[in-house]
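The residues making up each chain are set out below.
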Amino acid sequence: QVMADISQLLGEDGGHYLHDNRILTDNVLLHQQHWSERLGAYADYGNHTHNTALEWVRPRAAPGQDPRSLPPPQLIRVVRKPPRLQYVGALGYVSFFPFFLQVLNPSAPHLGRLLDHIRDSDKVWTPYGIRSLSKSSSLYLQRNTEHDAPYWRGPVWINMNYLAVRALYLYSHMEGPHRDRLASLYRELRQNLLANLYRQYKDT
């Protein structure tokens, strides 16, 4: 929509952007292609496997090679089961993008379940903001490699929490079955974020 608006301001044809916007905001398509009933939330869909692990790989010396010349062992990601087409199935920020980006209709049938997940402290809710990944996920705070910290696997990110607060505020001003709950969640999350930001400011 933004690209279409810019095109219009520049006197250019933005019809293809409008076309894409209609597809990307189509709630029927969204539910058909990205709603995972097992997860109870939206999910990416593609080639994926859950069966991976970090394992130490020790280089082997060639015949006659001095073992002391070998590089040190490395902790690498090993895929134990090949990926296949499926939902990624990890509850986190990506599961809430249709809500955070206000693509969902305020009367969407799954909005209540998303709000349940958001407010669940065993999943993504914390006194500091919304976690990037649910505590119930097997990937929670797990590294992808030895040198790849789990940035998106648990820590609270202010940019995503801004989108969450913004969405809660806007949806709480729309007609829909969850209006009061949205307003309550907005106030609570806003307070948690402000308190956390102030603490971090004081500490650093």
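For the structure given in this document, a descriptive report is provided here. These figures come from a predicted structure and were not determined experimentally.

What counts, and where the lines are drawn
Residues numbered from 1 in each chain as written. Predicted model: local features only at pLDDT ≥ 70, side-chain atom pairs only at ≥ 80, totals over all residues. Heavy atoms only, no water. Helix = DSSP H or I, 4+ residues; strand = E, 2+ residues; numbered from the N terminus. Rg over C-alpha atoms; globule rule 2.2 N^0.38 Å. Buried < 20%, exposed > 50% of the residue type's maximum accessible area, 1.4 Å probe, protein only. Contact = heavy atoms within 4.5 Å. Areas by Shrake-Rupley, 256 points an atom, 1.4 Å probe, with all protein chains shown as cover. Lys, Arg positive; Asp, Glu negative; His and termini not counted. Charge placed at Lys NZ, Arg CZ, Asp CG, Glu CD. Axes fitted to C-alpha atoms, helices over the stretch in contact; angles between N-to-C directions. Parallel < 35°, antiparallel > 145°, perpendicular 65-115°, else oblique. Left-handed = near helix turned anticlockwise from the far one by under 90°. Nonpolar A, V, L, I, M, F, W, Y, C, P; charged D, E, K, R; others polar. 1 Å grid on protein atoms, 1.4 Å probe; cavity = no way out; pocket = protein on both sides within 12 Å on 5 of 7 lines; lining within 4 Å. Points joined across faces, edges and corners; volume = space filled by probe spheres on them. Domains from an automatic or database assignment. Polar contact = N/O pair within 3.5 Å; in protein donor to acceptor, adjacent residues only side chain to side chain. Expected span 1.5 Å × (residues − 1).

1. Here we look at the overall build of the chain
Here is step 1: Counting its secondary structure elements, the chain contains 7 helices and 8 strands.
Here is step 2: A globule of 204 residues ought to have a C-alpha radius of gyration of about 17 Å, yet the chain, at 22 Å, is considerably larger.
Here is step 3: If you line up the chain on its principal axes, its C-alpha atoms span 75 × 45 × 40 Å.
Here is step 4: Sorting the 204 residues of the chain into buried and exposed places 34% on the buried side.
Here is step 5: Partitioning the contacts of the chain with sequence separation of at least 6, the portion at a separation of at least 24 is 60%.
Here is step 6: For the chain, the computed accessible surface area is about 13100 Å², with 54% contributed by carbon and sulfur atoms.
Here is step 7: Averaging the positions of the 23 positive and the 18 negative side-chain charges in the chain gives two centres separated by 9 Å.

2. What to know about the packing of helix 4 (residues 93-100) against helix 5 (residues 111-118)
Here is step 1: It is the contact of helix 4 with helix 5, at a shortest axis distance of 11 Å, that shows an interaxial angle of 130°. Taken together, the axis directions place helix 4 and helix 5 in an arrangement best described as oblique. Where helix 4 crosses over helix 5, the two elements pack in a sense that is left-handed. Of helix 5, the residues touching helix 4 (which contributes Ser95, Phe96, Phe99 and Phe100) are Leu111, Leu114, Leu115, His117 and Ile118.
Here is step 2: Its residues assigned to classes, the contact of helix 4 with helix 5 shows 7 nonpolar, 2 polar and no charged.

3. Structural notes on the layout of surface pockets
Empty space among the atoms can be located by rolling a probe the size of a water molecule over them.
Here is step 1: Its volume calculated, the largest pocket comes out at about 710 Å³.
Here is step 2: What lines the largest pocket is a set of 30 residues, and nearest its centre among them are Ala90, Leu133, Leu139, Asn144 and Arg153.
Here is step 3: Taken together, the elements giving at least two residues each to the lining of the largest pocket come down to strand 3 (45-48), strand 4 (52-57) and helix 4.
Here is step 4: Counting residues per element, the lining of the largest pocket draws most heavily on strand 4, at 3 residues.
Here is step 5: By residue class, the composition of the lining of the largest pocket is 15 nonpolar, 10 polar and 5 charged.
Here is step 6: Residues lining the lining of the largest pocket come from more than one domain, with at least three contributed by each of domain 1 (52-85) and domain 2 (89-203).
Here is step 7: Within this model, the second largest pocket holds a volume of roughly 500 Å³.
Here is step 8: Lining of the second largest pocket is provided by 22 residues; of these, Ile23, Leu24, Thr25, Leu30 and Val103 occupy positions nearest its centre.
Here is step 9: If one sorts the elements of the lining of the second largest pocket by residue count, helix 2 (residues 15-24) sits on top with 5 residues.

4. Overview of the side chain of Thr49
Here is step 1: Mapping Thr49 onto the fold places it in the loop between strand 3 and strand 4.
Here is step 2: Exposure remark for Thr49: the relative accessible area of 12% places this residue in the buried category.
Here is step 3: Here Asn51 takes part through its backbone nitrogen, which lies 3.1 Å from a polar atom of the side chain of Thr49.
Here is step 4: A polar contact of 2.9 Å, which involves the side chain of Thr49, links it to the backbone oxygen of Lys81.
Here is step 5: Ignoring any residue separated from it by four or fewer positions in sequence, one finds Thr49 in contact with Val79, Lys81, Pro82, Pro83 and Gln86.

5. Brief notes about helix 7 (residues 179-203)
Here is step 1: Here helix 7 is 25 residues long and its end C-alpha atoms lie 36 Å apart, about the 36 Å a rise of 1.5 Å per residue gives.
Here is step 2: In this structure, the buried residues of helix 7 make contact with helix 4, helix 5, strand 7 (125-126), strand 8 (129-130) and helix 6 (158-171).

6. Looking at helix 4
Here is step 1: The element helix 4 is extensively covered by neighbouring structure, given that 6 of its 8 residues are classed as buried.
Here is step 2: Taken together, the buried positions of helix 4 are occupied by Tyr93, Ser95, Phe96, Pro98, Phe99 and Phe100.
Here is step 3: Lining the buried residues of helix 4 we find helix 3 (27-34), strand 2 (41-42), helix 5, strand 8, helix 6 and helix 7.
Here is step 4: Downstream of helix 4 by a residue or two, Gln102 has a phi angle that is positive, lying close to 60°.

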